[in-house]
Structure formats: C-alpha cells, structure tokens
Amino acid sequence: MDRLTSSLMLLFAAGGAAADTTIEPSWQRHFDARGARGTFVLLQPLQNRYTVLDTSRAKQRFLPAATFEIANALVGLEVGSIADENAVFRWDGKPKLLPAWERDQTLATGMRDGVAWMFQEVARRTGKPVLREWLDRLDYGNRDMSPGVDQFWLQGGLRISAREQVELLYQLAEGRLPMTQRAQRLVRQALVVERTRDYTLYARTGTSGGKQPVAWWIGWVEKKGRPVGVFAMNYAPGAASRPDDRFEIGRAILADAGVLPVTAPAAAAAPAS
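Residues numbered from 1 in each chain as written. Predicted model: local features only at pLDDT ≥ 70, side-chain atom pairs only at ≥ 80, totals over all residues. Heavy atoms only, no water.

1. Let's talk about the packing of aromatic side chains
The relation between two aromatic rings is expressed through the spacing of the ring centres and the mutual angle of the planes. Note the cut-off: A pair of Phe, Tyr and Trp rings is counted when the ring centres sit within 6.5 Å of each other, with Trp represented by its six-membered ring. The angle between the planes then sorts it: under 30 degrees is stacked, over 60 is edge-to-face, the rest tilted. Secondary structure counts use DSSP, requiring at least four H or I residues in a row for a helix and at least two E residues in a row for a strand, with both numbered from the N terminus. A simple rule labels every residue: compare its accessible area, found with a 1.4 Å probe on the protein chains alone, to the largest value its type can have, and call it buried under 20%, exposed over 50%, or partly exposed in between.
Tallied over the full model, the rule gives 10 aromatic pairs. Ring geometry for Phe152 versus Trp153: centroids 5.1 Å apart, planes at 80 degrees, classification edge-to-face. With a centroid separation of 4.9 Å and an interplanar angle of 55 degrees, the aromatic rings of Trp217 and Phe231 are classed as tilted. With a gap of 14 residues between them, Trp217 in strand E8 (residues 214-223) and Phe231 in strand E9 (residues 226-236) connect regions that are remote in the sequence. Grouping residues by exposure puts Trp217 and Phe231 together as buried.

Right, dumping it as structure tokens:
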C-alpha cells in the first residue's frame, strides 16, 4: 500500500472529521522526574486522536533550532541545493562545535549528527526568496526569517509550536507535503534513527539557549508502513538537565501511549543537538 492510498483510506475512515483532543496530565510525572517543564503532543492517526500534555505550551511557538533541518532539507532537495542523498558537503578543515562535524557530510550524516554548518550552506544555496516562498507553502510557524538566511532558525526570529511540528511531520510521514515524492522520501530515509522488526522510529532533535532555552524531540513511529504515532515534545532544560533526558521522557510517554515498547532496544535514539 503506497502512502497516498494509505492517507486516503485514513481520511475516508475518519469521515474527514477533525481529530479529537485528549488531555493527559499523568505524563507530567516524566518531566517532573527530570526537573523539566514541557509539553508533549501525540497524534495517533488510526484513532484520529491528539493526546496532549499542557495545551497552552503545545500552542506556544519556540525557536525550532535543528528541527528546522527537516524543512531545510526538503526544500534543498526540491530546488537542487542538495542534489541527492549522495551529494557531499565538504568540511572546510576548521574546528567545529562537535568532532562529528569535522568531516565531509551527506544528507544522512548531516541529519544524524545535526551538522549546523552543512544546513547553513544548504540555506545559502537555496537563497532567502526561495526559502521564504517555501515557508509560506509549508505554513511553517511564524515564517520569520530575520536576521539572515543562515541564522534565522538557530538564533533568529523563526518560531514554531509543538502542535505545528506534528502537523508538518504527519504530512511528511504520509507523503502529502506540496513537493515531490522524491524529496519527501529522501528526507524520511535520513530521519530513520531506529528500525526493528515491529516498528521504525523517525526523529530529530533540536536545542537552543539564550533567553528562552528549549530542547526538542520530534518524529513519528511507523508500523507496517503506516504512521501510528506522530509526536513533538519540547521543554525548558533545568540546571541539571542532560541531553538524553528528552529521549527518556519521550520514550516513557510513547510507551504509556502504547506507541513504543516499554523496553527500548540498545540502539541510541539520536544525537542531541
């Protein structure tokens, strides 16, 4: 069953009705255990249901940080700023923030390791007018591109909410974004962080500091070729927060919802960036 057929069947089954929303305050305990204040939004398409912790924060927009690499890569593939999954972005030989960034990169490694310099180069190749057009077409957050084409999602004006992240990811998971199936397929492939016999986990992290620090983990779980849980979480890191807190909180919630097994496999979920 292809993704378009699957999405049409789901729409027919739901009668085109808007998804119900359920509030789940019990998920707060997973944040409390790590001294964090955050939100979690989960869409379960087969049940036509959103489940949310903290509806107010779920609608609040934050800097997307590295989670914007998903949209950036989609547009880059669509317009040729990234030729294909084998295109190589050459490291300039200068020291970078992380050792994994100090090497040549492809779409897969750049996404896996959150290589900021690579995606800044993608944005520069695409150019501000084209990126602005695509932010409108994707209905991406507040679409604010200040101050510059290679900074606006890292320390600029761009903001997006957890609810908006889920809506974008669901369309990507179903192949329903307003771009080619090729671009969507290649980005989906680059987002795979865990594959088992029972499910595939697609995910991306993002972290920003400054006056409004935020840590993100967004993605979806697919079973038998269909998304069964599309999620976005963010939280304000505390003084004792660790990068892996997002995975522990997120996995615990997804396990509570029956989307992931209670015991995670040995493979790491994703690097934090």
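2. Some words on the environment of Thr39
The condition that has to hold: By definition, residues are in contact when any of their heavy atoms lie within 4.5 Å. Distance and chemistry together define a polar contact, namely a pair of N or O atoms within 3.5 Å, with one atom able to donate a hydrogen and the other to accept it when in protein, and with adjacent residues in sequence counting only for side-chain atoms on both sides.
For Thr39, the location among the structural elements is in strand E2 (residues 37-44). For Thr39, a relative accessible area of 0% puts it in the buried group. Look past the residues within four positions of Thr39 in its chain and what remains in contact with it is Phe31, Val52, Leu53, Asp54, Arg57, Ala58, Ala162, Ala232, Met233 and Asn234. A distance of 2.5 Å separates a polar side-chain atom of Thr39 from the backbone oxygen of Leu53.

3. Notes on the sheet that holds strand E3 (residues 49-53)
The following threshold applies: Pairing between two strands requires that DSSP report at least two bridges joining them. All axes are obtained by fitting lines to C-alpha atoms, using only the stretch in contact for helices, and the reported angles, taken between N-to-C directions, cover 0 to 180 degrees.
Overall, mixed pairing links the seven strands, which are arranged E1-E3-E2-E9-E8-E7-E6 in an open sheet. Both edges of this open sheet fall to strand E1 (20-23) and strand E6 (192-195), since each of them pairs with a single strand only. This sheet shows a mean twist of 15 degrees between the axes of neighbouring strands, independent of strand direction. Pairing analysis gives nine bridges linking E8 to E9, with the strands arranged antiparallel. Within E9, the position partnered with Ala215 by the bridge is Tyr235. The strands touched by helix H8 (residues 162-174) are E1, E2, E3, E8 and E9; relative to E9, the strand with the most contacts, the crossing angle is about 155 degrees.

Purely spatial values, then, with no claim about function.
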